[in-house]
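# Architecture and fold: a report
Here are the chains, one letter per residue:
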Amino acid sequence: MKKLTALLLALVLALGLTACTRNDTKKLAGTWTYRADITQRINDRVKEALELDQVSPDAAVSVYLTFTVTPDGAYTLALDTASIEKDRAAYMEALRPVLAEALYVQAEDEGYTREQYDEALESLGMTAETCADTIIAAFDLNTFLTLLRGSHDSDTISTGYCKAEEGRLYFGSTAADLSDADFTGYALSGDTMTWTDEDGAAEALLTESERALVQFPMEWTKLAEE
């Protein structure tokens, strides 16, 4: 009888384990990076601000995010400021000759030759290049980050807890909130994690500025542990 009871108990436990939802949250532990190309968005902003017909410097600019998860599911989503500044500086350097040329074109539209424009600037102790530098200096890192952050006051975009189950990644302010939390689809393949949003529900929760940073499908790469 005892053997039968033990066998039934083992069977019940086996069935119960089979019915349990698989929780893969610990597999996410570590730091993940994501890159979103926003070159066209920045080109459009510069073009609008300076009233230019076209802006297309030979450099790309991207937003970089980090997603850090602890084994218990606590997470931090933040801007990677160092990587963002590297791209911003390269973009501004490529923008310098574009702006200088735009100033010449504007002068020609107003009836001046390039030589006359150079002479006018020289009388003010300036050149087309130094004018371009003045414009670029106004577009510093803090200005750029303010544009990216939108309503956020710091590099940290959000913190809370996450839970990975059955192809869904749930997000909540606390661990207790995860039972009825918003989620996005996700898939793991080695050191690559992809977030998906097939029905658009996740994107609907984002602000306009956040939609520029989050472009589904989002492909994250896990950083090697130091």
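Turning our attention to the nonpolar core. Core analysis: the biggest nonpolar cluster contains 43 residues, and L65, F67, F144 and W220 have the highest contact counts within it. It is helix α3 (residues 81–109) that contributes the most residues to this core, six residues altogether. Apart from the residues lying within four places of it in its own chain, the contact partners of W220 are W32, T33, Y34, L65, T66, F67, L77, D191, T192, M193 and W195.

Turning next to the packing of α3 against helix α6 (residues 141–149). Taken N-terminus to C-terminus, the directions of α3 and α6 make an angle of 115°; their axes are 11 Å apart at the nearest point. Comparing their axes, α6 and α3 come out roughly perpendicular. Crossing of α3 against α6: the hand is right-handed. On the side of α3, the interface is formed by T81, I84, E85 and R88, while α6 contributes L141, F144, L145 and L148. Residue composition of the contact of α3 with α6, by class: five nonpolar, one polar and two charged.

The next subject is the packing of α3 against helix α4 (residues 114–123). Direction vectors running N to C along α3 and α4 enclose 110°, while the axes themselves pass 9 Å from each other. The angle between α3 and α4 falls in the class roughly perpendicular. For the pair α3 and α4, the contacting residues are E101, L103, Y104, V105, A107 and E108 in the first and R114, Y117 and D118 in the second. Broken down by class, the residue content of the contact of α3 with α4 amounts to five nonpolar, no polar and four charged.

Rules used throughout
Residues numbered from 1 in each chain as written. Predicted model: local features only at pLDDT ≥ 70, side-chain atom pairs only at ≥ 80, totals over all residues. Heavy atoms only, no water. Core = buried A, V, L, I, M, F, W, Y, C linked by side-chain atoms within 4.5 Å. Buried < 20%, exposed > 50% of the residue type's maximum accessible area, 1.4 Å probe, protein only. Helix = DSSP H or I, 4+ residues; strand = E, 2+ residues; numbered from the N terminus. Contact = heavy atoms within 4.5 Å. Axes fitted to C-alpha atoms, helices over the stretch in contact; angles between N-to-C directions. Parallel < 35°, antiparallel > 145°, perpendicular 65-115°, else oblique. Left-handed = near helix turned anticlockwise from the far one by under 90°. Nonpolar A, V, L, I, M, F, W, Y, C, P; charged D, E, K, R; others polar.

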